Amino acid sequence: MAQEQRQSQQQQGASREQTAQEALQAEKSTSAQQQAQLNEVDDLLDEIDGVLETNAEEFVRGFVQKGGQ
Amino acid sequence: MSVNRVMGLETEYGVLAPGAPRANSTVLSARIVNAYADVVRAGGGQLAGTPWDYSDESPLLDARGWRVRRSEADPTQLTDAPRELTAEEIALIDAVPQNALYDDEAPAARPSSRAVDHLGDALYREEPESANDAGGRLEGEHVVMNMVLGNGARLYVDHAHPEYSSPEVTNPLDAVLWDQAGDRVALAAMEQIAAEHGDEVLLYKNNTDNKGVSYGAHENYLMPRAVAFDAISAGLLPFFATRQIICGAGRVGLGIAGTETGFQISQRADFFEAEVGLETTIRRPLVNTRDEPHAEWGKYRRLHVIAGDANLGQVSTYLRVGTTALVLSLIESGRAPAVALADPVAAVARISHDPGLRTVVELADGRRLTALEIQEIYLDAATAWCAETGSATADPQTADVLKRWRATLDGLRRDVSSMASTVDWVAKHHLMNQYRDRHGLAWDDPRIAAMDLQWADLRPEKGLFRRLEARGRVERLVTEERIARAVVVPPEDTRAYVRGRALERYRRHVVGANWDSVVFAVPGRRGVKRIPLLEPGAGTRRDIGALFDAQLDVAEFVDQLAASVDTSA
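Residues numbered from 1 in each chain as written. Chains lettered and ligands numbered in written order. Predicted model: local features only at pLDDT ≥ 70, side-chain atom pairs only at ≥ 80, totals over all residues. Heavy atoms only, no water.

Colleague: Looking at this model, I keep getting lost on the sheet that holds strand β7 (residues 161-165) of chain B. Mind explaining?
Modeller: As a general point, the strands of a sheet are linked pairwise by backbone hydrogen bonds and lie either parallel or antiparallel. Residue and element names in this part refer to chain B. Strand order across the open sheet formed by six strands is β5-β6-β7-β1-β9-β14, with antiparallel pairing between neighbours. Every other strand in the sheet has two partners, leaving β5 (146-148) and β14 (300-305) as the edge strands with one partner each. Strand-to-strand twist of the sheet, defined as the mean angle between neighbouring strand axes without regard to direction, takes the value 20°. Relative to strand β6 (residues 154-158), β5 is paired through three bridges, and the arrangement is antiparallel. From the neighbouring strand, V148 faces β6, where its bridge partner is R154. Most of the contacts of helix α1 (residues 25-42) go to β6, to which it runs at about 160°, and overall it touches β5, β6 and β7. The strands touched by helix α8 (residues 314-332) within the sheet are β1 (7-12), β9 (217-224) and β14, with β9 carrying the most contacts at an inclination of about 30°. (Pairing = 2+ DSSP bridges. Helix = DSSP H or I, 4+ residues; strand = E, 2+ residues; numbered from the N terminus. Axes fitted to C-alpha atoms, helices over the stretch in contact; angles between N-to-C directions. Contact = heavy atoms within 4.5 Å.)

Colleague: Even after reading the chapter, I still don't get the confidence of the model for chain B, so can you show me in this structure?
Modeller: Residues and elements named next belong to chain B. Averaged over all residues, the pLDDT of chain B equals 88, while 88% of them reach at least 70. Of the regions scoring below 50 in pLDDT, residues 95-141 engages in 88 contacts with residues more than four places distant in sequence or in other chains. Listed scores for the predicted complex are pTM 0.87 and ipTM 0.86. (pLDDT = per-residue confidence, 0-100.)

Colleague: Would you take a moment to explain the domain arrangement of chain B for this structure?
Modeller: Frequently, the measure chosen for interface size is the accessible area removed from exposure when the parts meet. All names here are of chain B. Assigned domains of chain B: these are domain 1 (7-204), domain 2 (217-443) and domain 3 (491-568). A separation of 37 Å is found between the C-alpha centroids of domain 2 and domain 3. With six residues of domain 2 in contact, the opposing surface of domain 3 contributes six residues. Taken together, both faces of the contact between domain 2 and domain 3 bury some 480 Å²; the carbon and sulfur share is 51%. By the criterion of area lost to domain 3, the three top residues of domain 2 are H294, A295 and E296, representing 71% of everything that side buries. Remark: the boundary between domain 2 and domain 3 carries one salt bridge. A salt bridge links E535 to K299, with the shortest nitrogen-to-oxygen separation between them at 3.1 Å. Counting the contacts that link domain 2 with domain 3 gives four residue pairs in polar contact (both at pLDDT 80 or more). (Domains from an automatic or database assignment. Buried area = accessible area lost by both parts, 1.4 Å probe. Salt bridge = Lys/Arg side-chain N within 4 Å of Asp/Glu carboxyl O. Polar contact = N/O pair within 3.5 Å; in protein donor to acceptor, adjacent residues only side chain to side chain.)

Colleague: Honestly, empty space enclosed by the protein in this entry has me stumped. Any pointers?
Modeller: Here the idea is plain: a probe the size of a water molecule rolls over the atoms and shows the empty space left. Residue and element names in this part refer to chain B. Scanning all chains against the criterion turns up six cavities of 30 Å³ or more. One number sums up the size of the largest cavity: a volume of about 120 Å³. Along the walls of the largest cavity sit 15 residues, with Q244, S266, A307, G308 and D309 positioned nearest its centre. For the lining of the largest cavity, a count of residues per class yields seven nonpolar, four polar and four charged. (1 Å grid on protein atoms, 1.4 Å probe; cavity = no way out; pocket = protein on both sides within 12 Å on 5 of 7 lines; lining within 4 Å. Points joined across faces, edges and corners; volume = space filled by probe spheres on them. Nonpolar A, V, L, I, M, F, W, Y, C, P; charged D, E, K, R; others polar.)

Colleague: Help me understand the interface of chain A and chain B, please; the structure alone is not making it clear to me.
Modeller: Contacts between the two partners involve 26 residues from chain A and, on the opposite side, 47 residues from chain B. Interface area for chain A against chain B, summed over the two sides, is near 3,300 Å², with a carbon-plus-sulfur share of 55%. Taken as a group, F63, K66 and Q69 of chain A account for 28% of the area that chain A buries against chain B, more than any other trio of residues on that side. In this assembly, chain A and chain B are joined by eight salt bridges. Between R471 of chain B and E40 of chain A there is a salt bridge, with the nearest N and O atoms lying 2.9 Å from each other. Where chain A touches chain B, the interface holds 18 residue pairs in polar contact (both at pLDDT 80 or more). Listing elements by their share of the side of chain A that touches chain B, those giving two or more residues are α1 (2-51) and α2 (56-62) of chain A.

Printed below as a string of structure tokens:
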């Protein structure tokens, strides 16, 4: 009985450890995910820097439309 | 009660020639239409330029039961007469080397004859001197101002913008598909000009130049004539004031000329001055009363909606059309919620000016609600009525629109930026905020203003929305392959089918077309034969598909089509 209890405690301990490890893993992968997202945003903003009209002020001034419906 | 009904979308594109800042915008628009005619000809497909038949247009008829006198109308309201170009304008599009004319810096490069110099002057004039100069109407010349496309759409010069009017469809997803097809038509025209003439005429799917001018993206919905127009406007005003939060296109700058700093939800919000009215270019009303059903007058009205933004996003287009169709069904069954606003015109702008969605507007009964709350009231009414009528389970698209509408409102309530992959204004706002953070820019920085315009550039390599789409950051509902098909093929379940297919198969004999008729000239017969299509749901593949399969000559085809239309009417 005592042995069983000890075993069960050990198992619980093991499972607690496992949970902690999983949490750590999860945290790592979340931060990896976040990092990937940040990289993606950086990459996107780099791209926008690249395609945005070089003379923004002139482009905006020149965009003149006539009225429509 | 469902999202299904006959509907169609119109887009007036912004048009810009970066190399010719003072270019006449009507000429630029005509170049776009003619370039697309070239694309069609080059594809060996249907020839271009079937004359638009204006006989069913009645832009001065008001749904409230009267007609505006022609002499009292604004000239821009007279859309029932073809826009005529001057001889000068025609020559500009057609005869003169474009590069020479557009070269502002090097007048010496222009052809030197006096006549051509004169044409050059015309290009740089803002207004043609008179629309009635010698030269006459375009339809008689080889410059095309109006095309009916093989997919059943109309591409034409509307005032100073190229406009694509989609074919009639029967549901929101098809509305998205043939609206997207219009953007590919516009892109093909731009590419044609670049390839053929080496210059750029760029098109933008937006609604304002941020300098005081607006142009539209309209929706059309078929409704039974029996519904009282007062009930329509009462049911729609609070909905139109608030639906921008789920489908606005976003705009930098506040006020019609964008002079105040900030970001707002809608492109169009600051341009409305009236609740209800006939005009579309001046004193713009939230609910437009143009009574031009393009269908059997005694039976139908066509609700012409001008209170919306042009959407690049497929989901935003889908929700704009799907939720509006549901609200129209509520109105038709007398189930529209009672949420009349104290001042709908002011509410549109106030709601648009708060991307945080906390603004409260006053109702006529004294309640004070946010746009989210008003939208939820409409959604709850639609959900309840769909459940009662069984359509939420019977029709998958109706169920999908309800589900997405709910998810969008819930998402916006929880965290606005969580909707960046589906709601156009949120996608734009989110991207701009990231860009502002990176470079430390204020809302009035020219780079942010440039982003706002370039967002709507239709070129896949330049348009910022297109770049997000290429990265999979916005959700798509229809694939590029399906869109490419919709560029050339009409919907099968409306009269657009007979219009588009007849143009494809009997092109040389189709001498005119409009929304509710196709006119044929049959060899050996006197006069022309007009086939009326006053029932938008007839002339479908199911009705007449067999006629196209039967390899008939044009006389047989016209006779059998006439007989079949008579039976279905």
